[in-house]
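Here is how the chains run, residue by residue.
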Amino acid sequence: MICLCVESRPGYVDDLCLVQLLRGVCLRDQGKFSDAEQCFQEVIRRHKQLTVDIYLAPYAEMELGMLYIKTQQLRKAKEHLTSARSKYTRFSLESRLHFRVHSALAQVDEQETDTPQ
C-alpha cells in the first residue's frame, strides 16, 4: 500500500500548501477568520519549500490581505497585499495576482479615506 501523505514524497509540500490555501479561502468565506488566517500563514511559512507551485505563497499573502480587509484590519491588509505584489516574482499567474492586488489596495485606500480619524 502506498501512502501519499509521506512528507518526504516529492511535491508533498506543494500539495499541502494548495490544500491549505483552498481551505483558507473556504473558511474565510464561512466567516471563520482565525482558522483561515492560520491556513494562509502556513502556506506563507512554507514558501521556501515550494518546488513547483511557487505561486501559492503570493496568492496566500493576497488572500490573507483580503481577509484583513474583510475584518477591517487595513494596515495588515496593506502589508500583505504589498508583500504579495513585491516579495515574489516569476511565477505563473503573476499578472493576474497583480490585477487583484491593485484592486484590493484601491479598496483599502477607499476605506481609509471613508474612515474618520
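Residues numbered from 1 in each chain as written. Predicted model: local features only at pLDDT ≥ 70, side-chain atom pairs only at ≥ 80, totals over all residues. Heavy atoms only, no water.

1. Quick word on the side chain of His80
Line of reasoning, step 1. Its location among the elements puts His80 in helix H4 (residues 74-86).
Line of reasoning, step 2. Given a relative accessible area of 15%, His80 falls into the buried group.
Line of reasoning, step 3. Beyond its immediate sequence surroundings of up to four residues, His80 is in contact with Gln41, Glu61, Leu64, Gly65 and Tyr68. (Helix = DSSP H or I, 4+ residues; strand = E, 2+ residues; numbered from the N terminus. Buried < 20%, exposed > 50% of the residue type's maximum accessible area, 1.4 Å probe, protein only. Contact = heavy atoms within 4.5 Å.)

2. Thoughts on helix H3 (residues 56-70)
Line of reasoning, step 1. An ideal rise of 1.5 Å per residue puts 21 Å on 15 residues; H3 measures up with 21 Å between its terminal C-alpha atoms.
Line of reasoning, step 2. Two residues or fewer after H3 comes Gln72, characterised by a positive phi angle close to 60°. (Expected span 1.5 Å × (residues − 1).)

3. What to know about the nonpolar core
Line of reasoning, step 1. Ranked by internal contacts, the top residues of the largest apolar core, which has 31 residues, are Leu21, Met62, Leu81, Leu97 and Val101.
Line of reasoning, step 2. Every element with two or more residues in this core is listed here: helix H1 (12-29), helix H2 (33-45), H3, H4 and helix H5 (94-114).
Line of reasoning, step 3. At 9 residues, H3 tops the list of elements feeding residues into this core.
Line of reasoning, step 4. Sequence-distant contacts of Leu97, that is, excluding residues within four places in its chain, are made with Pro58, Tyr59, Met62, Ala84 and Phe91. (Core = buried A, V, L, I, M, F, W, Y, C linked by side-chain atoms within 4.5 Å.)

4. Some words on unusual backbone geometry
Line of reasoning, step 1. In the Ramachandran plot, Arg90 falls in the positive-phi region, its phi being about 55° despite a non-glycine side chain.
Line of reasoning, step 2. Along the polypeptide, Arg90 turns up in the loop between H4 and H5.
Line of reasoning, step 3. Under the relative-accessibility criterion, Arg90 is labelled exposed at 76%.
Line of reasoning, step 4. Here Leu93, not a glycine, exhibits a phi torsion of approximately 70°, which is positive.

5. Notes on the pattern of salt bridges
Line of reasoning, step 1. What the rule picks out here adds up to 10 salt bridges.
Line of reasoning, step 2. Here Arg45 ties to Glu42 by a salt bridge, and the two come within 2.8 Å at their closest N and O atoms. One end of the pair is Arg45 and the other is Glu42, both in helix H2 and 3 residues apart, which spans about a single turn.
Line of reasoning, step 3. Among the residues examined, Arg45 registers a relative accessible area of 58% and is labelled exposed. (Salt bridge = Lys/Arg side-chain N within 4 Å of Asp/Glu carboxyl O.)

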